[in-house]
Every structure is written in C-alpha cells, then in structure tokens.
Amino acid sequence: MTPTTLIKMSPEPGTVIHPVYSYTEEQLQKIEDLKKYSASVALPPSDPYYKWEQRWLARADTHPRYMRATKWNYRDSEKRIKATMEWRRTFKPDLIRPDDVRIEAETGKIILNGFDKDGRPIIYMRPGRENTERSDRQLRHLVWWLERAKDLQPAGQESIVILVDYKSTTLRTNPSISVAGKVLHILQDHYPETLGRALGISPFLDPVTRDKMRFNPNLLDLIDKDQLDSDFGGSYEFEFEPNSYWDQIVELCDIAPDGTRIEKEDSTEADLANSVQAMNLETSSEKAPSLCSDDSTTDSDSGPYTPKTGGSVKNMGVGNQKAVSVESTAREVSSA
C-alpha cells in the first residue's frame, strides 16, 4: 500500500458490526427504569452543562452499558451511572478544547486510526513517544481520544480497541502506577463496556477486564491488513504528520475551538431548498424530498457496514446512528 497521511474513516466494506446484544423483557424494563432514574438526577435545563449531559444520556448505548457492566444489578447500575454523571459534570470530557491537549498529540503517542474486523475504532498507544511531563493534561488527552473514538463508532458498535506498543518504552516514558491507576479508574468506572479489545497491555487490571486482554496475538486475525498500521504487521502505511492528522480528526468529529460541536448545514439540502424557492411552488402541500435519512447502515440489524457515499463523514457518528434491534443475536462476550 502506498504511504499516506490520510486516516481511515470507516471500517472495511462488508464489515459486520459485532457484538450485537439481545435483551430479555426483564432486562429491557431495567434499562427503561435506569433511564427514568438518570432523568430524575439530571441537571436542570438552566445549567450550562445540561445540553451535553442530555446528549450523553440520549446515546443508545449509555444505559445498556451500565446495566451490562453490573450484570443487571439495578441498584448498582443506579450508583454507577450517577457517579459517572457527577464525574462528567466536573471533568466535562465532551468539552475538552482541542488546543488544551494538542501539545500532547505532537508525537503521535496516541493515535485513533482504523477499525477492527468487528467495526471497532482502534486507538494506538505508543508510550515510547512520550513528549511531556506527567500531568492532568495527559489524562485529559487520553479522555479526549476516548471521546473521539466514541464519535467514530459505526452504528450499533459500542466498544473500541486499544493497542499498546511497549517496544520503545523506557523507564522515563513508562506510565507511573498513579497515572495508570487513574486511567484504569476512568476506563472501568466511567466508560464501562467500552473496552472491547485491549492488546499488549500489562495485566494491571481487575479480573473482569483482564479476562478480555490478549497478549501478543496475531493481529491480522482481529484487524484487516488494510486497516492495521504497518508498524504492527498490516499493509496500511500511515505516515504520521501532526498538523495534518490533528486537523483531520478535529474536522471529522466537528470539534469547535471551544470544545463544542460545529453545527454544519448540509450544502446539498441548502441547494435543494434554494431550488425549491426558485421554482415558486404553487401549493404548500408539495415538499422537497428529504435528504436527511440515514442510510449509513443496511436495514439488517447485524448486516455489513456500508458507509454513505457523497455525504459528510460525520454520518458515521453518534448523531446519525440507527438503533440496533434488541432481538439481534449476541456473538461476543460483552466488552470491559
């Protein structure tokens, strides 16, 4: 494959999104009860963070993940989702300003690029490329990438892959126990059921998460060669150029300079509206055809992922995800 600075924006054509979860009537009721509970402890509309909390609560995967993480213990799910809501109000992971963490991304020590064979976004971590001193900003930088990976999940996918390369790690660049502890706390407590695969990570994890780890696996069994970085045995010769890479990610996820989201007007829809106006339609009952339907996935609940062509790449994001049928058959153990 020819070397490129362009990132992978979607899974391979024909990718089947897994795992897909199947819930009983009792489990569905618990999910609905948890939604009612989170609504009862949510911020008031007058709070500046209200919009962003509601955006997170409205994600199709939020409440099911907390129920699965507690093995359907409803009271524990209440405690955990409330703790995460309180953490998000303080940390504001969805409002981290790009410029606040950009310096951490200059060496490519954390890169979001590509998808595994189940459609999970891949985060590469190369601790040997560490370029800053240990600080809270490093933690915010990691959370920034977790949020971006969530942005790029195809419809129906709820987890991600983290691939860590320790080959070039030194005593100076290796994360301290305290930093590792904070990272694991955030992953396990505030992004439950999000870590679908962790490859090459030291087993400094709780037993449930550690059972999901794979050490020195054949990565081509898990990731298509065209999606896997050539440094890890794939054929995808990605050349990291910090400015180009950063700009692509920020634009792809519609991140504004203040950390909010850029609301883009669909140019095709705008052109259509102008054409309709120019035609001076005689009856108000006539309507222009809708261009807002999401056809980024097939109608099959667990069918192949087919990216929309000719539209904005943000159609892969959470805002345009279709709900996945709860009757679909589960094919994997739930993610950590």
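Rules used in this analysis
- Residues numbered from 1 in each chain as written.
- Predicted model: local features only at pLDDT ≥ 70, side-chain atom pairs only at ≥ 80, totals over all residues.
- Heavy atoms only, no water.
- 1 Å grid on protein atoms, 1.4 Å probe; cavity = no way out; pocket = protein on both sides within 12 Å on 5 of 7 lines; lining within 4 Å.
- Points joined across faces, edges and corners; volume = space filled by probe spheres on them.
- Helix = DSSP H or I, 4+ residues; strand = E, 2+ residues; numbered from the N terminus.
- Buried < 20%, exposed > 50% of the residue type's maximum accessible area, 1.4 Å probe, protein only.
- Polar contact = N/O pair within 3.5 Å; in protein donor to acceptor, adjacent residues only side chain to side chain.
- Contact = heavy atoms within 4.5 Å.
- Axes fitted to C-alpha atoms, helices over the stretch in contact; angles between N-to-C directions.
- Left-handed = near helix turned anticlockwise from the far one by under 90°.
- Nonpolar A, V, L, I, M, F, W, Y, C, P; charged D, E, K, R; others polar.
- Core = buried A, V, L, I, M, F, W, Y, C linked by side-chain atoms within 4.5 Å.
- Salt bridge = Lys/Arg side-chain N within 4 Å of Asp/Glu carboxyl O.

As recorded in an unreviewed UniProt entry, the protein chain goes by CRAL/TRIO domain-containing protein and comes from Coprinellus micaceus.

Time to look at empty space enclosed by the protein. Overall, the coordinates contain 2 cavities of 30 Å³ or more when judged by the stated rule. In this structure, the largest cavity spans a volume of roughly 120 Å³. Along the wall of the largest cavity there are 13 residues; nearest its centre are Trp56, Arg59, Arg88, Glu147 and Lys150. Elements with a minimum of two residues in the lining of the largest cavity: helix H2 (50-57) and helix H6 (136-151).

Right, let's talk about the environment of glycine 196 for a bit. By secondary structure assignment, the location of glycine 196 is in strand E4 (residues 195-199). Here the alpha-carbon distance between glycine 196 and isoleucine 160, two residues 36 residues apart in the chain, equals 5.2 Å.

For the rest of this paragraph, the subject is helix H3 (residues 62-69). The element H3 is extensively covered by neighbouring structure, given that 7 of its 8 residues are classed as buried. Residues Thr62, His63, Pro64, Arg65, Tyr66, Met67 and Arg68 constitute the buried set of H3. Phi for lysine 71, located one or two positions after H3, is positive at around 55 degrees.

Quick look at the side chain of glutamine 227 now. With respect to the helices, strands and loops of the structure, glutamine 227 is situated in the loop between strand E5 (213-214) and helix H9 (242-252). By relative accessible area, glutamine 227 is classed as buried at 1%. One polar contact links glutamine 227 to glutamate 12, side chain to side chain, over a distance of 2.8 Å. Glutamine 227 has contacts with Lys8, Ser10, Pro11, Glu12, Gly114, Phe115, Ile122, Tyr124 and Tyr236, leaving out every residue within four places of it along the chain.

Right, let's get into the packing of helix H4 (residues 74-91) against H6. Direction vectors running N to C along H4 and H6 enclose 115 degrees, while the axes themselves pass 13 Å from each other. Like other packed secondary-structure pairs, H4 and H6 cross with a definite hand, here left-handed. Counting all contacts with H4, which are made through Trp87, Arg88 and Phe91, the residues of H6 involved are Leu139, Arg140, Val143 and Glu147. Classifying every residue of the contact of H4 with H6 gives 4 nonpolar, no polar and 3 charged.

Further remarks concern the nonpolar core. With 47 residues, the main nonpolar core has Ile123, Trp144, Trp145, Ile162, Leu163 and Tyr245 as its most contacted residues. Secondary structure elements with two or more residues in this core: H4, strand E1 (110-115), strand E2 (121-125), H6, strand E3 (160-164), helix H7 (177-190), E4 and H9. A total of 7 residues in this core trace back to one element, the largest contributor, which is H6. With near-sequence residues (within four places) excluded, tyrosine 245 lies in contact with Ile7, Ile111, Leu112, Trp145, Phe238 and Phe240.

What follows covers the pattern of salt bridges. According to the stated counting rule, one finds 21 salt bridges in the structure shown. The salt bridge involving glutamate 104 is made with arginine 137; its shortest N-O contact spans 2.7 Å. Here glutamate 104 is found in the loop between helix H5 (98-101) and E1, whereas its partner arginine 137 is found in helix H6, with 33 residues between them in sequence. For glutamate 104, a relative accessible area of 0% puts it in the buried group. Relative accessible area serves as the criterion here: at 31%, arginine 137 is assigned to the partly exposed category. Put simply, Arg59, Asp61, Arg65 and Lys150 are held in one network by salt bridges that share partners.

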